[in-house]
Amino acid sequence: MKKLESREDIEHLVNSFYAKVVKDEAIGFFFNDIAKVNWDSHLPKMYSFWESILFGQMSYKGNPMGVHFPVNEIQAMEQHHFDRWLNLWKTTVEENFVGENADLAIYKSENIAKLMAFKMDLARRL
């Protein structure tokens, strides 16, 4: 297996991950039916997001939390949804990469999932 060390690696990781997500019975509907994601614009944003997180490139411009609130208003994004997202991400990382940045991608995703789940739950309660 190879190390996660370039934008091309991130693109492969993100593409492999979302190929699973769109077919997933637990969370695919958020992307396919509720958000109706435009993949041509979403995927490059995710490449930049992860490139910023893993390599400090600061190529991502956006508010990842903010774009999830409208989806959460339509359909509650609950802990089990984030658990599934995290499981798919970790599996995809581990299937494709090893090393420090692969470990960092998993660590950061765990923090993202915790924060997102907390904020989505809090938003539903307000």
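This is a predicted model, so every value here is computed, not measured.

Enquirer: Where do I start with the packing of helix 4 (residues 64-74) against helix 6 (residues 100-125) in this structure?
Expert: When two helices pack together, their arrangement is given by the angle between the helix axes and the distance between those axes. Put simply, helix 4 and helix 6 touch, their axes get as near as 10 Å, and they point 45 degrees apart. When the axes of helix 4 and helix 6 are compared, the pair comes out oblique. The interaxial crossing formed by helix 4 with helix 6 has right-handed handedness. On helix 6, the residues touching Pro64, Met65, His68, Phe69 and Asn72 of helix 4 are Leu115, Met116, Lys119, Met120, Ala123 and Arg124. When the residues that make up the contact of helix 4 with helix 6 are grouped by side-chain class, the tally is 7 nonpolar, 2 polar and 2 charged.

Enquirer: What is the right way to look at the pattern of salt bridges in this model?
Expert: Oppositely charged side chains can form a pair if their charged atoms are brought close together. Taken as a whole and judged by the stated rule, the model has 8 salt bridges. Here arginine 7 ties to glutamate 11 by a salt bridge, and the two come within 3.3 Å at their closest N and O atoms. Placement of the pair is arginine 7 and glutamate 11 together in helix 1 (residues 7-21), with a separation of 4 residues, close to one helical turn. Judged by relative accessible area, which is 26%, glutamate 11 ranks as partly exposed. The closest approach of N and O atoms between glutamate 95 and lysine 20, which form a salt bridge, is 2.6 Å. In this pair, glutamate 95 is assigned in helix 5 (residues 79-96) and lysine 20 in helix 1, connecting sequence segments 75 residues apart. Take lysine 20: its relative accessible area is 24%, and that puts it in the partly exposed class. Each member of the salt-bridge network shares a partner with another, and the members are Arg7, Glu11 and Glu51.

Cut-offs applied
Residues numbered from 1 in each chain as written. Predicted model: local features only at pLDDT ≥ 70, side-chain atom pairs only at ≥ 80, totals over all residues. Heavy atoms only, no water. Axes fitted to C-alpha atoms, helices over the stretch in contact; angles between N-to-C directions. Helix = DSSP H or I, 4+ residues; strand = E, 2+ residues; numbered from the N terminus. Parallel < 35°, antiparallel > 145°, perpendicular 65-115°, else oblique. Left-handed = near helix turned anticlockwise from the far one by under 90°. Contact = heavy atoms within 4.5 Å. Nonpolar A, V, L, I, M, F, W, Y, C, P; charged D, E, K, R; others polar. Salt bridge = Lys/Arg side-chain N within 4 Å of Asp/Glu carboxyl O. Buried < 20%, exposed > 50% of the residue type's maximum accessible area, 1.4 Å probe, protein only.

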